[in-house]
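Here is how the chains run, residue by residue.
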Amino acid sequence: STGYFDWNVYLKETSSEAAPASCFKQHPQPPTNEFNVGMKLEAIDPRNVTSICIATVVDIQGPRLCLRLDGGDNKNDFWQLVDSSEIHPVGHCEKNGGMLQPPLGFRMNASSWPMFLLKTLNGAEIACSKLFKKEPLTPKSNKFRVGMKLEALDRKNPHLICPATVATVKDDMIFVAFDGWRGAFDYWCKFESRDIFPVGWCKASGHPLQPPGYKALVGGKLKTQPKVNSCQLVPSIPPLSSSQPLSPRNTQRPSSSIRAKTSTN
Ligand code: MLY
């Protein structure tokens with residue numbers, strides 16, 4: 001609770017509750033990440049989900065891996081959890097009677113694929129099976145309720161995990177709305193999506209958590225704002241555009257510190 005964004009303060013300020021951990025398809029304890037950058041593994045090609053490809057770990061954040069498909073470009077990197085069912089040790093595909101495929105947009109002639117595959121794996125650091133963690137169980141039903149807070153992957157900026165609110169619940173789906181941002185980043189997902197996490201998951205897993213949009217109001221602190229005369233402390237509402245941050249959801253009144261400052265003016 002020494003960091004910039006504090007869920008305890010924020011939940012109080014927004015008079016809201018965290019979605020219980022039992023709502024999520026996530027382990028109670030986030031898995032440890034024992035991969036290293038440069039390791040190779042098998043992954044589903046996100047642009048062609050019937051293909052299993054060789055991928056290389058190019059970045060690591062908490063229990064997540066940023067992967068790049070061998071033979072592809074560097075413009076289609078994607079993230080996977082270490083306990084995802086969409087990644088496997090090298091050899092898994094063949095063991096199950098499958099054939100490793102070139103990624104969509106393979107940068108060479110298709111006829112050079114077999115030789116490319118041999119060369120990309122020769123002498124490579126192969127991630128061993130111990131590093132792949134078991135996928136969590138799926139909750140039996142959709143237990144989310146409107147207004148509950150969570151941590152959610154920003155699908156348009158998938159390196160980011162951000163504070164969010166359940167805005168709608170319908171059948172087996174929820175509508176995830178990002179706190180302090182216009183609707184451009186919001187999305188529908190199944191209750192069992194791997195893109196949503198309980199409050200505290202980032203902290204517990206060592207993954208960075210973005211602050212909500214319109215940072216000035218968060219926790220009633222003005223840490224990212226320049227020091228200004230107290231009569232200027234109430235920030236103006238930023239211009240409305242799809243990617244502009246907004247005041248936090250469910251905040252009926254300005255935060256306590258903003259009220260305190262304004263009442264003296
Ligand atoms: N600079 C980008 C990133 C927006 C991120 C929004 N997330 C956190 C909901 C933009 O302004 O579009």
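Located above this text is the structure these notes cover.
The paragraphs below set out a description of the structure included in this document. Remember, predicted model here, so these are calculated numbers, not experimental data.

## Examining the nonpolar core
Across soluble globular proteins, you tend to see nonpolar side chains buried next to one another.
Link 1 in the chain: Counting residues in hydrophobic clusters, the biggest one holds 25 residues, and the most contacted among them are Phe-144, Leu-150, Ala-152, Val-176, Phe-178, Tyr-187 and Ile-196.
Link 2 in the chain: If you list the elements that add at least two residues to this core, you get strand 6 (149-153), strand 7 (161-170), strand 8 (173-178), strand 9 (187-190), strand 10 (196-197) and helix 4 (201-205).
Link 3 in the chain: With four residues, the single largest contributor to this core is strand 7.
Link 4 in the chain: Other than its neighbours up to four places away in sequence, Phe-144 contacts Ala-19, Cys-23, Phe-24, Val-166, Val-169, Ile-174, Phe-191 and Ile-196.
Link 5 in the chain: Formed by 16 residues, the second largest nonpolar core is a distinct cluster that contains Ala-43, Leu-65, Phe-78 and Leu-131.

## Section: the sheet that holds strand 2 (residues 48-61)
Link 1 in the chain: If you walk across this open sheet you meet the five strands as 4-3-2-1-5, and the pairing is antiparallel. The open sheet has two free edges, formed respectively by strand 4 (78-81) and strand 5 (87-88), since each of these has just one partner strand.

## Some points on helix 3 (residues 113-121)
Link 1 in the chain: Here helix 3 has its buried residues at Trp-113, Phe-116, Leu-117 and Thr-120. With its buried residues spanning 100° around the axis, helix 3 presents them on a single face. Relative to its buried face, helix 3 has exposed residues pointing more than 90 degrees away, namely Pro-114, Leu-118 and Lys-119.
Link 2 in the chain: Structurally, helix 3 contributes buried residues whose contacts are with strand 1 (40-45) and strand 2.
Link 3 in the chain: At the C-terminal side of helix 3, Gly-123 shows a positive phi close to 75°.

About the cut-offs
- Residues numbered from 1 in each chain as written.
- Predicted model: local features only at pLDDT ≥ 70, side-chain atom pairs only at ≥ 80, totals over all residues.
- Heavy atoms only, no water.
- Core = buried A, V, L, I, M, F, W, Y, C linked by side-chain atoms within 4.5 Å.
- Buried < 20%, exposed > 50% of the residue type's maximum accessible area, 1.4 Å probe, protein only.
- Helix = DSSP H or I, 4+ residues; strand = E, 2+ residues; numbered from the N terminus.
- Contact = heavy atoms within 4.5 Å.
- Pairing = 2+ DSSP bridges.
- Arc of directions from axis to C-beta.

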